[in-house]
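Observations on chain architecture
Residues per chain are reported as follows:
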Amino acid sequence: MSGVCCNKRPVFTVSDITARVEALVVTRGAEGSVVYTKGGTLTVPCARPKTVVDPTGCGDAYRAGLIHGLLHGLDWETTGRVASLMGAIKIESRGPQKP
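The text that follows walks through the structure, step by step, so that each part is easy to find. (Residues numbered from 1 in each chain as written. Predicted model: local features only at pLDDT ≥ 70, side-chain atom pairs only at ≥ 80, totals over all residues. Heavy atoms only, no water.)

For helix α2 (residues 58-71), spanning 14 residues, the distance from its first C-alpha to its last is 20 Å, which sits close to the expected 20 Å at 1.5 Å a residue. Among the residues of α2, C58, A61, Y62, G65, L66 and G69 are the ones counted as buried. Burial along α2 is one-sided: seen end-on, the buried residues are contained in an arc of 145 degrees. Looking at the buried positions of α2, the neighbouring elements they touch are β3 (23-27), β4 (33-37) and α3 (76-91). (Helix = DSSP H or I, 4+ residues; strand = E, 2+ residues; numbered from the N terminus. Expected span 1.5 Å × (residues − 1). Buried < 20%, exposed > 50% of the residue type's maximum accessible area, 1.4 Å probe, protein only. Arc of directions from axis to C-beta. Contact = heavy atoms within 4.5 Å.)

A few words now on the pairing of β4. For a regular strand, the rule is simple: side chains alternate between the two faces of the sheet. The sheet contact formed by β3 and β4 spans five bridges and is antiparallel. Bridge pairing in β4 links V26 to V34. Hairpin connection between β3 and β4: a loop of five residues separates the two successive antiparallel strands, and G29 in this loop has a positive phi of roughly 55 degrees. Strand direction decides the pairing type here: β4 and strand β5 (residues 40-44), joined by five bridges, are antiparallel. Opposite T37, over in β5, you have G40 as the bridge partner. Linking β4 to β5, which pair antiparallel, is a turn of two residues. (Pairing = 2+ DSSP bridges.)

Now for the sheet that holds β3. Taken in spatial order, the three strands line up as β3-β4-β5 in an open sheet, and their pairing is antiparallel. Every interior strand has two partners, whereas the edge strands, β3 and β5, have only one. Neighbour-to-neighbour, the strand axes of this sheet turn through a mean angle of 15 degrees, independent of strand direction. (Axes fitted to C-alpha atoms, helices over the stretch in contact; angles between N-to-C directions.)

Bringing the nonpolar core into the picture now. In terms of nonpolar packing, the biggest core is built from six residues, these being V35, V44, Y62, L66, W76 and A83. For this core, the elements supplying multiple residues, two or more each, are α2 and α3. Other than its neighbours up to four places away in sequence, L66 contacts V25, W76, T79 and A83. (Core = buried A, V, L, I, M, F, W, Y, C linked by side-chain atoms within 4.5 Å.)

Glancing now at a nonpolar patch on the surface. Taken together, the side chains of L85, M86 and I89 define a hydrophobic patch exposed on the protein surface, amounting to about 260 Å² of accessible area. Assignment of secondary structure puts I89 in helix α3. Relative accessible area serves as the criterion here: at 47%, I89 is assigned to the partly exposed category. (Patch = residues over 30% accessible without salt bridge, like charges linked within 9 Å, V, L, I, M, F, W, Y side chains within 5 Å. Areas by Shrake-Rupley, 256 points an atom, 1.4 Å probe, with all protein chains shown as cover. Salt bridge = Lys/Arg side-chain N within 4 Å of Asp/Glu carboxyl O.)

In structure tokens form, the structure reads like this:
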């Protein structure tokens, strides 16, 4: 651990976390996402939607893309791009995801 902040909660660095997990994924909305692994850092660009209608459910769609990539053994770059694409597809429609 890196230390303790003012309210006594542990403070973890990216290195602390990636030492314990396969990857740490940080989403940044229209700025894309970053995947941190023991092997390095991968910046994933945001897939550009045709139009922005409603962000409701975009995080869920992104996570669905991540899960799809993980279940199919895709590398982190491809998995991140699938996740980004799912978020972009969702933001083009109003309301939550449809089945």
